[in-house]
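Close look at the chain arrangement
One letter stands for each residue in the lines below.
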Amino acid sequence: TVEWYFDSPSYEGIHSEDAPGVVNASISELHEHDGVRFTRWTETDSLPTSGNYFLANDVVWNNGPWTITGELNLCLCGHTVKFDQCDYFPYTNIFANRGATVNLYGDGGGTLNADSDIMLSVKSGGTLNAYDLCFDSFGSGIEVAGGVFNMNGGSVINTGASNAVSVKSGTFNMNGGVIRNNNY
C-alpha cells in the first residue's frame, strides 16, 4: 500500500507510478512541472535565483531587485510574493537578465505584488514564462526590453502608474489570461 500525505491543497494528482515505493511522501519530494522535480523553499524573506523550487510560505521581499541570470523554475503554489520596496521607490523589482530562463507557476492563485514603477523587466537575451500567475502592481506591470515574455493564463491587474505591459523591444506572447483594472 502506498500512502500519500500532502501539505499543500494546490498540488493535484500524484499517482503511485510517479514515485514507486514512496510511502508518506510530502509534496516537497513530489511536486513537479513539465517533468522537473521541485524542492521546498521555506524562507519568508528571500527568493532563489536559480534551481527548481516551490514556495511553502508567502514571501515579503525588501532586498532590492531580485535579479535572475541563470535558469530558475519557481512554483508559487498559491502563495504571494510581496515586493516591499518602499525605501527604493521608484524601482524595478524583478530582472530576468541576459541568459536567464525563468519559469514561474501560480498553482492555485500565486501572486507577485508590488507598488513600484516596474514590477518585472525582461532584458535582452532573457526569457520569462509565466503560467497562471497574477501580476498585481501599483506601478507598471511588465516591461519587455529585448527579451521574451510568455504569459500563459493568469493576469496583469491594478497597474496605475504606466502600462500594464510595455514592449520596448523583444516579444510578448499572451496565451489566455487577462489584463484588467489598469489606468493606462
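Note that this is a predicted model, so its numbers are computed, not measured. The residue numbers shown here count from 1 along each chain, following its written sequence. Predicted model: local features are reported for residues with pLDDT of at least 70 only, side-chain atom pairs are reported and counted for 80 or more only, and whole-chain, interface and lining totals are derived from all residues. Only hydrogens and water are set aside when side-chain values are computed; all heavy atoms of the structure are taken into account.

1. Digging into the environment of His-79
Relative to the assigned elements, His-79 resides in the loop between strand E7 (71-75) and strand E8 (80-83). Along the sequence, His-79 and Thr-111 sit 32 residues apart, while their C-alpha atoms lie 6.5 Å from each other. With sequence-adjacent residues up to four places away left out, His-79 is seen in contact with Leu-55, Ala-56, Asn-57, Asp-58, Gly-109, Gly-110 and Thr-111. What counts as a helix is a DSSP run of H or I of at least four residues, what counts as a strand is a run of E of at least two, and both are numbered from the N terminus. We call two residues contacting when some pair of their heavy atoms lies within 4.5 Å.

2. Points about the packing of aromatic side chains
Describing an aromatic ring pair means giving the distance of the ring centres and the angle of the ring planes. Each pair of aromatic rings taken from Phe, Tyr and Trp, with Trp reduced to its six-membered ring, is defined by centres within 6.5 Å and is described as stacked if the planes are under 30 degrees apart, edge-to-face if over 60, and tilted in the remaining cases. For the coordinates displayed, the defined rule picks out six aromatic pairs. Seen from their ring centres, Trp-41 and Tyr-53 are 5.1 Å apart, and the 75 degrees between their planes marks the pair as edge-to-face. Separated by 12 residues along the polypeptide, Trp-41 in strand E3 (residues 39-41) and Tyr-53 in strand E4 (residues 51-55) bring together distant segments of the chain. With relative accessibility at 16%, the residue Trp-41 sits in the buried group. Exposure is judged per residue with a 1.4 Å probe applied to protein chains only, and the accessible area is read against the type maximum: over 50% gives exposed, under 20% gives buried, and values in between give partly exposed.

3. Concerning the pairing of strand E14 (residues 134-137)
Of the two faces of E14, the one holding Cys-134 and Asp-136 and the one holding Phe-135 and Ser-137 are both buried throughout. Both strand E11 (residues 111-114) and E14 contribute to a ladder of four bridges, which runs parallel. In the strand pairing of E14, Asn-113 is matched with Asp-136. At least two bridges found by DSSP between two strands is the condition for calling them paired.

4. Some details on the pattern of salt bridges
Any Lys or Arg side-chain nitrogen found within 4 Å of a carboxyl oxygen on Asp or Glu counts as a salt bridge. Enumeration according to the criterion identifies three salt bridges in this entry. Measuring nitrogen to oxygen at the nearest pair gives 2.7 Å for the salt bridge that ties Arg-37 to Glu-32. A relative accessible area of 39% places Arg-37 in the partly exposed class.

5. With respect to the pairing of strand E15 (residues 140-152)
Taken residue by residue, a regular strand's side chains alternate between the two faces of the sheet. Judged by how many residues are buried, E15 sits mostly within the fold: 10 of 13 residues are covered. Judged from the five bridges that link them, strand E13 (residues 127-131) and E15 form a sheet pairing that is parallel. The residue bridging Leu-128 from the neighbouring strand is Phe-149, located in E15. Both E15 and strand E17 (residues 165-175) contribute to a ladder of nine bridges, which runs parallel. Counterpart to Val-144 in the pairing with E17 is Val-167.

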